2 protein chains.
Amino acid sequence: MPTENGLLLVVSGPAGSGKGTVLAELLADPAFAYSVSATTRAPRPGEADGVNYYFLDRAAFEARIANDDMLEYTEYCGNYYGTPRAEAEAVLASGRNLILEIEVEGAANVKRRYPGAVSVMLLPPSFAVQEARLRGRGTETEEKIRARLARTREEVAKVEDYDYVVYNRDGCAHAAAEDIRAIVRAERARLARNADVATRYFANEE
Amino acid sequence: MPTENGLLLVVSGPAGSGKGTVLAELLADPAFAYSVSATTRAPRPGEADGVNYYFLDRAAFEARIANDDMLEYTEYCGNYYGTPRAEAEAVLASGRNLILEIEVEGAANVKRRYPGAVSVMLLPPSFAVQEARLRGRGTETEEKIRARLARTREEVAKVEDYDYVVYNRDGCAHAAAEDIRAIVRAERARLARNADVATRYFANEE
């Protein structure tokens, strides 16, 4: 039987997919860990360095990129966002599964660099439900809602690049979290992740 | 969201893998079904037609093969063993997952014919544990035990053709059954099994 490293789990989902709730449930389990991202954007009131983000200036962020210290990064609205590599790899080596909550562009980059990463697209059950959720919040302007829905077209167009699609129905965030848990458990049993099964078996390497 | 057909699940495992216990646990769940095999071997005392096997004579079995009525079949020790296709397909159409407990040769045939089938090799944690289990039964001759262990070499050599490997540790048959359950749940979420995700999403096909 193989020794187990953690799984690198990429989760993307449009606004209204309920990602926050689903990931919070997974992260309550010590088998799952989250990695704090780095960014060049200014801290918002209440945000703490090393908790919400590592806040870096542009020169420091670019030095990290040049040094290959970012597992993935992207530029968005004039600011960099990225995942510090050393911290992420330490989590994986400890056997915990690392969740990266990233956009579709970053997800493709991670898959290219780490072919063993597993990517999950979390979706509301339909576009109509997504729209109802965004409007139901009652906290965003019509303009912002329209921008989010337009962005969804681009995101869902990329779903074919993902390994799995999980639907998060109203009131069923727990089921969606259980789907992701099952994906992690199944992936560990994939032949592709279990090298030399026959050799180890007859060598009695339990 | 997609409508769901049952999954065709092929499970193989050497003597001492604890397949019987693990599959019995899965089959206690109505989401899983078993298909009664057909055979040309004579019924043993207590075996009933349509319960343990469908007992057919050689001409009848060969007519079924010629008619493409067998989902898979194999010849072993001079007798045919096979899975009647109509019954199997009816189970899948009803949305239940169909478990085929078959040998490595049959498993390869099923995967060729049904690329959507998922194959699982169930193994004891090591060859030493397997040997201890077989000897611990105390019901078989030394010759028979040696034959089973020799056969295991051939079986485990084929493990690379399987999609998943599940280890059944002593006292952990429940965990092995849960692994298989997770595999089925994860497979349903694989992009490869979810056609036209984007189209259906925007068409609001829940």
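Residues numbered from 1 in each chain as written. Chains lettered and ligands numbered in written order. Predicted model: local features only at pLDDT ≥ 70, side-chain atom pairs only at ≥ 80, totals over all residues.

(A) Representation of the relation of the copies chain A and chain B in the model. Of the two same-sequence chains, chain A is brought onto chain B (RMSD 0.0 Å, axial shift 0.0 Å) by a rotation of 180°. When the rotation and shift are considered jointly, the pair of chain copies conforms to a two-fold rotation axis. Taking C-alpha positions as reference, the residue of chain A nearest the rotation axis is Ala182 of chain A, located at 2.2 Å. (Least-squares fit on C-alpha atoms with pLDDT ≥ 70 in both.)

(B) Quick peek at the packing of helix 1 (residues 19-27) of chain B against helix 7 (residues 173-189) of chain B. All names here are of chain B. Where helix 1 contacts helix 7, the two axes come as close as 9 Å, and the packing angle between them is 55°. Relative to helix 7, the element helix 1 lies oblique. Crossing of helix 1 against helix 7: the hand is right-handed. Residues Thr21, Val22, Glu25 and Leu26 of helix 1 form the contact with helix 7, whose own contacting residues are Ala173, His174, Ala176, Ala177 and Ile180. Its residues placed into classes, the contact of helix 1 with helix 7 shows six nonpolar, two polar and one charged. (Axes fitted to C-alpha atoms, helices over the stretch in contact; angles between N-to-C directions. Helix = DSSP H or I, 4+ residues; strand = E, 2+ residues; numbered from the N terminus. Parallel < 35°, antiparallel > 145°, perpendicular 65-115°, else oblique. Left-handed = near helix turned anticlockwise from the far one by under 90°. Contact = placed C-beta atoms within 7 Å. Nonpolar A, V, L, I, M, F, W, Y, C, P; charged D, E, K, R; others polar.)

(C) Examining the sheet that holds strand 3 (residues 38-39) of chain A more closely. Residue and element names in this part refer to chain A. Read from one edge of the open sheet, four strands run 4-3-6-5, paired in mixed fashion. Looking along the sheet, the strands with just one partner apiece sit at the ends: strand 4 (54-55) and strand 5 (70-76). Judged from the two bridges that link them, strand 3 and strand 6 (residues 79-84) form a sheet pairing that is antiparallel. Counted as the bridge partner of Thr39 is Tyr81 from strand 6. (Pairing = 2+ DSSP bridges.)

(D) Highlighting the nonpolar core. If you look at the biggest cluster of nonpolar residues, it comprises 91 residues, and the most contacted ones within it are Leu9, Val120 and Ile183 of chain A together with Leu9, Val120 and Ile183 of chain B. Sequence-distant contacts of Leu9 of chain A, defined by excluding residues within four places in its chain, comprise Asn97, Leu98, Ile99, Leu100, Val118, Val120 and Val184 of chain A. (Core = buried A, V, L, I, M, F, W, Y, C linked by C-beta atoms within 7 Å. Buried ≥ 20, exposed ≤ 12 C-beta atoms within 10 Å, placed from the backbone.)

(E) Focus on the interface of chain A and chain B. The partner chain B presents 32 residues to the 32 residues of chain A that form the contact. Taken together, the elements giving at least two residues each to the side of chain A that touches chain B come down to helix 5 (127-137), helix 6 (142-157), strand 9 (164-167), helix 7 (173-189) and helix 8 (197-202) of chain A. A per-class count over the side of chain A that touches chain B returns 22 nonpolar, three polar and seven charged.

(F) View of the sheet that holds strand 1 (residues 8-12) of chain A. Residues and elements named next belong to chain A. Across the sheet, which stays open at both edges, the five strands sit in the order 2-7-1-8-9 with parallel pairing between neighbours. The open sheet is flanked by strand 2 (32-34) and strand 9, the only strands paired with a single partner. Each neighbouring strand pair of the sheet contributes to a mean axis angle of 30°, computed without reference to strand direction. With three bridges joining them, strand 2 and strand 7 (residues 97-101) adopt parallel strand pairing. Across the sheet, Phe32 pairs through a bridge with Asn97, a residue of strand 7. Contacting strand 1, strand 7, strand 8 (118-123) and strand 9, helix 7 runs over the sheet at an angle of about 165° to strand 8.

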